[in-house]
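Notes for the structure review
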Amino acid sequence: MTDHAGPAASDLLDIARRIATTVAATALEERRRGIAVESTKSSPVDVVTAVDRETEARIRSLILDARPDDGIFGEEEDTHVGTSGLNWVVDPIDGTVNLLYDIPAWSVSIAVVDGPPDPLHWHALAGVVVNPVTGDVFAAARGGGARLGERELRVNDDVELSKALIATGFSYSAERRRAQATTLLQVVPRIRDIRRIGSAALDLSSIAAGRLDGFYERGLNPWDHAAGALIVREAGGRVGGAGGAPESSGLLVAAAPSIYEELLALVVEAGGATG
C-alpha cells in the first residue's frame with residue numbers, strides 16, 4: 001500500500017492521461033496507414049497487430065521516464081517489476097479485432113494500482129480509457145470522481161433491470177463461448193437489450209457515461225478492466241464478482257446500483273460465474 005509520502009492519485013492520473021492521449025494519437029495514425037495481423041495468442045482468432053506491440057512499448061517507455069521505480073503489467077510484454085509498490089496495468093489496444101476491421105470502438109487503457117497486478121489484492125488509484133477514433137477520454141482518480149473530458153460522469157439512476165441496456169463480451173475460446181451463449185439466452189429476456197461492443201474498457205466507461213446500464217463478462221484479464229472498473233466506481237456505479245468477491249477472471253459485473261445485485265444474481269444463476 002502507498003503511504004502518505006506516495007504520489008497523489010490526481011498526479012498519477014495526470015501522468016496516465018498524458019501518456020494515454022499521446023499514444024492513442026500515434027496508434028490512430030498507424031491504423032490509418034493500414035495494419036494486418038502479426039500473430040495470434042490464445043487461439044487463431046485472438047489476434048495481435050504491430051500496433052498493439054508498438055503502442056505498449058511506447059507506453060512502457062513513457063511510464064519509466066516518468067516513474068522509473070514503478071512496476072508495469074501489460075498484455076503484450078513481460079511484467080516489469082518495480083520497487084515502489086505501484087503498478088501500471090496496461091492494455092495498449094483493447095478491441096484489437098475492431099481495430100483490425102476499422103470499427104471505431106477500440107481503446108487505450110492505462111491504470112495505476114497500489115499493490116500487486118491482481119484485482120483481488122490491488123487498490124486502483126487512477127485510470128484512463130481513450131477511444132482514439134472518437135477522441136473520448138474517460139478518466140478517474142480514486143476519491144476524485146470520473147470524467148469524460150471536462151464533464152463529470154454519473155451512472156444512470158433508478159434503472160429497472162427490465163429496461164436496462166446491458167453489454168457483454170465473448171471469449172476467444174470456442175468452448176467458453178458456448179457457455180457464454182447459454183448465459184446470454186437467460187439474460188436477454190430479462191433486459192431491454194444487449195450490446196457486444198468489443199472493448200471491455202469502453203463498455204465500462206460507457207456505464208459511467210450513462211450510455212449503458214450494465215456489463216458482465218467472464219474470462220477478462222486484469223488489463224481489460226483495471227481502468228474501466230475504477231471509472232465506473234468513481235461515477236457511482238458498482239463493480240464486483242460472484243459471492244461478494246472482487247471482480248476477477250471468474251466474473252465481472254458492473255452496473256448502476258439500482259440493478260447491480262439483480263444483474264449479478266441473474267448472471268450467476270445463468271452460469272456466468274463458472275468456467
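Residues numbered from 1 in each chain as written. Predicted model: local features only at pLDDT ≥ 70, side-chain atom pairs only at ≥ 80, totals over all residues. Heavy atoms only, no water.

So, about the overall build of the protein chain. Each helix and strand in the protein chain was counted, giving seven helices and 14 strands. Projected onto its principal axes, the C-alpha coordinates of the protein chain cover approximately 50 × 45 × 30 Å. Counting the 275 residues in the protein chain, one finds 53% classified as buried. For the protein chain, contacts bridging at least 24 residues in sequence account for 62% of all contacts bridging at least 6. Accessible surface computed for the protein chain: about 11700 Å², of which carbon and sulfur atoms make up 49%. One finds the centroid of the 26 positive side-chain charges in the protein chain at a distance of 5 Å from the centroid of its 39 negative side-chain charges. (Helix = DSSP H or I, 4+ residues; strand = E, 2+ residues; numbered from the N terminus. Buried < 20%, exposed > 50% of the residue type's maximum accessible area, 1.4 Å probe, protein only. Contact = heavy atoms within 4.5 Å. Areas by Shrake-Rupley, 256 points an atom, 1.4 Å probe, with all protein chains shown as cover. Lys, Arg positive; Asp, Glu negative; His and termini not counted. Charge placed at Lys NZ, Arg CZ, Asp CG, Glu CD.)

Two pairing modes exist for strands in a sheet, parallel and antiparallel, and in both the strands are linked by backbone hydrogen bonds. Pairing is mixed in the open sheet, where five strands are placed in the order β11-β10-β12-β14-β13. Single-partner strands in this sheet number two, and they are β11 (193-195) and β13 (238-240). Ignoring strand direction, the axes of neighbouring strands in this sheet form an average angle of 15 degrees. Pairing analysis gives three bridges linking β13 to strand β14 (residues 252-255), with the strands arranged antiparallel. (Pairing = 2+ DSSP bridges. Axes fitted to C-alpha atoms, helices over the stretch in contact; angles between N-to-C directions.)

A separate point is the sheet that holds strand β3 (residues 71-74). Overall, mixed pairing links the seven strands, which are arranged β3-β4-β5-β6-β7-β8-β9 in an open sheet. Strand pairing shows two members of the sheet lacking a second neighbour, β3 and β9 (151-152), which therefore form its edges. With three bridges connecting them, strand β7 (residues 137-141) and strand β8 (residues 146-148) associate as antiparallel partners. When the sheet's bridge partners are listed, Phe 138 is paired in β8 with Leu 148. Running over the sheet, helix α1 (residues 9-33) touches β4 (86-94), β5 (107-114), β6 (123-130) and β7 and is turned about 30 degrees from β6.

Residue position: Thr 55 is located in helix α2 (residues 50-66). With residues up to four places along the chain from it excluded, the contact list for Thr 55 reads Val 23, Ala 27, Pro 92 and Ile 93.

Attention shifts here to the pairing of strand β10 (residues 165-168). Burial along β10 is two-sided: Leu 165 and Ala 167 facing one way and Ile 166 and Thr 168 facing the other are all buried. Pairing between β10 and β11: three bridges, direction parallel. Paired with Ala 167 across the bridge in β11 is Arg 195. Assessed by its sense of winding, the connection that carries the chain from β10 through helix α4 (residues 174-187) to β11 is right-handed. (Right-handed = clockwise from strand over helix to strand, strands pointing away.)

For β6, the tally of buried residues reaches seven of eight residues, placing the bulk of the element in the interior. Across seven bridges, the pairing between β5 and β6 is antiparallel. Residue Val 112 lies in a different strand from β6, and its bridge partner there is Ala 126. Where β6 meets β7, five bridges bridge the pair, whose relative direction is antiparallel.

This brings us to the nonpolar core. If you look at the biggest cluster of nonpolar residues, it comprises 55 residues, and the most contacted ones within it are Phe 138, Leu 153, Phe 215 and Ile 259. The leading source of residues in this core is helix α6 (residues 222-234), at seven residues. Beyond its immediate stretch of four places on either side in the chain, Leu 153 contacts Phe 138, Ala 146, Arg 147, Leu 148, Ala 208, Ala 209 and Ala 235. Counting 25 residues, the second-largest nonpolar core is a separate cluster that includes Leu 12, Ile 59, Val 90 and Val 112. (Core = buried A, V, L, I, M, F, W, Y, C linked by side-chain atoms within 4.5 Å.)

By themselves, these are just geometric observations and shouldn't be taken as functional.
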